[in-house]
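Given next are the chains, with one letter for each unit.
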Amino acid sequence: VDLGAERDAFLPWEEFEPKFPTPLDSGRSVNVTILRKRRLENGNTSVYVTLRHGDLTRPQGYFETLNQKTSESGIGKSSVEEFVGISRETWLEAELVRFQALARKPKLKAAPGVVVRLTAPGGSTQISEFVAHNRLTKEFKAKISYPGSVISLRVLGVNTTNNRVRLTMRPADAPRAKREAEEAIAEPTQEKQAPAADGGHG
């Protein structure tokens, strides 16, 4: 964002409020509060701002996490074989890495969502994966979440060719859950649909 200074300030998606991050139109005026000013080695000043109100304290390592590049997200870089066969009704714990916009397919408009890091139950391989905003719950979108927070997700399907795992935060009995299950079945043949189960884990 342009503060009228020599250098623009950075407004992370994590600092949008009160709704889940959506892109701002260029030229729009917003009221921001300065979160952090830091002198860089080259003599320039890095400025982070927020749209939020209240406490400006952020968790340790928060700003370092924001500096990670998209190319370093690790999405699709690790084998996902250990996630094959996990029931759609099994809840997994994942670490929130950051908010981000990614396009699921080339030439498609990037959609907002979150990058998470998780390991399959009993597995040893940690993966990073993107969860689109339409697979996040309203409760998650409404609250303040920081990188490092632990969230619960379910597996919809596993694509072993592209090393991708389709994840959702919505419970199996949510109105959209049936549609998500149908979307998983409709994916290319290399994606293995997560099996249903009689009971799940909370």
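Higher on the page you've got the structure.
Note that this is a predicted model, so its numbers are computed, not measured.

### Some remarks on the overall build of the protein chain
Item 1. Helix and strand counts for the protein chain stand at three helices and eight strands.
Item 2. Order of helices (α) and strands (β) in the protein chain, N terminus to C terminus: β-β-α-β-β-β-α-β-β-α-β.
Item 3. A buried classification covers 39% of the 202 residues belonging to the protein chain.
Item 4. Sequence-distant contacts, at least 24 apart, represent 62% of the contacts inside the protein chain between residues at least 6 apart.
Item 5. Summed over its atoms, the accessible surface of the protein chain is roughly 11,800 Å², and 47% of this surface lies on carbon and sulfur atoms.

### Concerning the side chain of Thr50
Item 1. In this structure, Thr50 sits in strand 2 (residues 45-50).
Item 2. There is a polar contact of 3.0 Å between the side chain of Thr50 and the backbone nitrogen of Arg52.
Item 3. Once you skip the residues sitting within four places of it in the chain, Thr50 turns out to touch Leu11, Glu15, Asn31, Val32, Thr33, Leu35, Leu56 and Arg58.

### Looking at the nonpolar core
Item 1. Ranked by internal contacts, the top residues of the largest apolar core, which has 22 residues, are Phe83 and Val116.
Item 2. For this core, the secondary structure elements donating two or more residues are strand 3 (91-102), strand 4 (111-119), strand 5 (126-132), strand 6 (150-159) and strand 7 (164-168).
Item 3. Apart from residues no more than four positions distant in its own chain, Val116 is found in contact with Ala94, Glu95, Leu96, Val97, Ile127, Ser128, Glu129, Val131, Ile151, Leu153 and Leu167.

Rules used throughout
Residues numbered from 1 in each chain as written. Predicted model: local features only at pLDDT ≥ 70, side-chain atom pairs only at ≥ 80, totals over all residues. Heavy atoms only, no water. Helix = DSSP H or I, 4+ residues; strand = E, 2+ residues; numbered from the N terminus. Buried < 20%, exposed > 50% of the residue type's maximum accessible area, 1.4 Å probe, protein only. Contact = heavy atoms within 4.5 Å. Areas by Shrake-Rupley, 256 points an atom, 1.4 Å probe, with all protein chains shown as cover. Polar contact = N/O pair within 3.5 Å; in protein donor to acceptor, adjacent residues only side chain to side chain. Core = buried A, V, L, I, M, F, W, Y, C linked by side-chain atoms within 4.5 Å.

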